[in-house]
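Coordinate inspection notes
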Amino acid sequence: GENVEQHPSTLSVQEGDSAVIKCTYSDSASNYFPWYKQELGKGPQLIIDIRSNVGEKKDQRIAVTLNKTAKHFSLHITETQPEDSAVYFCAASNYGNNRLAFGKGNQVVVIP
Amino acid sequence: DVKVTQSSRYLVKRTGEKVFLECVQDMDHENMFWYRQDPGLGLRLIYFSYDVKMKEKGDIPEGYSVSREKKERFSLILESASTNQTSMYLCASSFPRKGYEQYFGPGTRLTVT
């Protein structure tokens, strides 16, 4: 099955700086790559996703890039704010099976 | 807004007890999922269901069973709780025909003593 690895496990950034989280996946058949954000005391929530026919997608301060050849994808957060502090999960899926394989999560701490 | 609710936020049970965790979604979603979340291990899929009375094992089904008698409700059952099942349990649902986004509930923190 799909194996998703996520690095680094913890990331601290100064407010206003950029944060980058990288994930790798193992199954070349995966074609959907979402990112979820989990705030304290809440369930994860989708913040952005990308499909395999697209190399980059942006939504305000967040962007995701995908390199299918290398089988890795990254989340970029620019101009970080304290409310960006959370755990971020990457995931990968093949449309056919409705399942998501999640990475282990990344704790992002934005220092005011 | 999609809403996924879980029956309890916190639950304390004794070893050997039978435990029911309930999840309800209000958006007529076909797929429902149970995950457990442990520090350093991320989200691991226990079971999922793609229709009423249908279920499939996830990555860690041992010690768990599920029930889906109605489309909106998906129950996770620990037949005989053990201390290694102390964890955060998250339920999610999705509607494949509208994409693959999974909507999560707030989680149930289960402690087995």
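Description of the structure in this document. Predicted model, so just to flag it, every value in this text is computed and none were measured.

Now for the interface of chain A and chain B. Contacts between chain A and chain B engage 17 residues on the former and 22 residues on the latter. Both faces considered, chain A and chain B share a buried interface measuring about 1600 Å² in area, 55% of it formed by carbon and sulfur atoms. Looking only at chain A, the three residues that lose the most surface to chain B are Asn98, Arg99 and Phe102 of chain A, adding up to 35% of its buried area. Here chain A is connected to chain B by 1 salt bridge. Asp59 of chain B serves as the salt-bridge partner of Arg99 of chain A, at 3.0 Å between the closest nitrogen and oxygen. Linking chain A with chain B are 4 residue pairs in polar contact (both at pLDDT 80 or more), by the criterion used here. Take the side of chain A that touches chain B: its biggest share by element is 3 residues, from strand β4 (residues 32-38) of chain A. Among the residues making up the side of chain A that touches chain B, the classes are represented as 8 nonpolar, 6 polar and 3 charged.

Let us look at the pairing of β4 of chain A. Residue and element names in this part refer to chain A. Summarising burial for β4: 7 of the 7 residues are buried, a large majority. Of the two faces of β4, the one holding Tyr32, Pro34, Tyr36 and Gln38 and the one holding Phe33, Trp35 and Lys37 are both buried throughout. Pairing of β4 with strand β5 (residues 45-51), which is carried by 6 bridges, proceeds in the antiparallel orientation. Bridged to Tyr36 within β5 is Leu46. Connecting β4 to the next strand, β5, in antiparallel fashion are 6 residues, including Gly41 with a positive phi near 80 degrees.

Moving on to the sheet that holds strand β1 (residues 4-6) of chain B. All names here are of chain B. Reading across from one edge, β1-β3-β8-β7 is the order of the 4 strands in this open sheet, with antiparallel pairing throughout. Either end of the sheet is taken by a strand with one partner, and the two such strands are β1 and β7 (65-70). On average, each strand axis in the sheet is inclined to that of its neighbour by 20 degrees, with strand direction left out of account. Inspection of the sheet shows β1 paired to strand β3 (residues 19-25) by 3 bridges, in the antiparallel sense. Among the inter-strand pairings, Thr5 is bridged to a residue of β3, identified as Val24.

Take the pattern of salt bridges next. Counted under the stated rule, the structure contains 11 salt bridges over all chains. One salt bridge connects Asp38 of chain B with Arg44 of chain B, and the closest N-O pair in it is separated by 2.9 Å. Since its relative accessible area comes to 11%, Asp38 of chain B is described here as buried. Among the charged side chains, a salt-bridge network with shared partners connects Lys37, Glu39 and Lys42 of chain A.

Looking now at the state of the cysteines. All names here are of chain A. Counting across every chain of the model gives 2 disulfides over all chains. Between the sulfur atoms of Cys23 and its disulfide mate Cys90 the distance is 1.9 Å. Between Cys23 and Cys90, the S-S torsion sits near -95 degrees, and that sign places the bridge as left-handed. Note that Cys23 is positioned in strand β3 (residues 19-25) and Cys90 in strand β9 (residues 86-92), a separation of 67 residues in sequence. Neither Cys23 nor Cys90 differs from the other in exposure class; each is buried.

Time to look at the nonpolar core. What tends to happen in soluble globular proteins is that the nonpolar side chains get buried as a cluster. Val4, Tyr25, Phe33, Trp35, Phe73, Leu75 and Tyr88 of chain A are the most contacted members of the largest nonpolar core, which has 24 residues in total. Those elements that provide at least two residues to this core are β2 (10-14), β3, β4, β5, β7 (62-67), β8 (72-77), β9 and β11 (106-111) of chain A. Phe73 of chain A has contacts with Ile21, Lys22, Cys23, Tyr25, Phe33, Pro34, Trp35, Thr65, Leu66, Cys90 and Ala91 of chain A, leaving out every residue within four places of it along the chain. Of all hydrophobic cores here, the second largest spans 20 residues; its members include Tyr47, Tyr64, Phe74 and Ala81 of chain B.

About the thresholds
- Residues numbered from 1 in each chain as written.
- Chains lettered and ligands numbered in written order.
- Predicted model: local features only at pLDDT ≥ 70, side-chain atom pairs only at ≥ 80, totals over all residues.
- Heavy atoms only, no water.
- Contact = heavy atoms within 4.5 Å.
- Buried area = accessible area lost by both parts, 1.4 Å probe.
- Salt bridge = Lys/Arg side-chain N within 4 Å of Asp/Glu carboxyl O.
- Polar contact = N/O pair within 3.5 Å; in protein donor to acceptor, adjacent residues only side chain to side chain.
- Helix = DSSP H or I, 4+ residues; strand = E, 2+ residues; numbered from the N terminus.
- Nonpolar A, V, L, I, M, F, W, Y, C, P; charged D, E, K, R; others polar.
- Buried < 20%, exposed > 50% of the residue type's maximum accessible area, 1.4 Å probe, protein only.
- Pairing = 2+ DSSP bridges.
- Axes fitted to C-alpha atoms, helices over the stretch in contact; angles between N-to-C directions.
- Disulfide = S-S within 2.5 Å.
- Core = buried A, V, L, I, M, F, W, Y, C linked by side-chain atoms within 4.5 Å.

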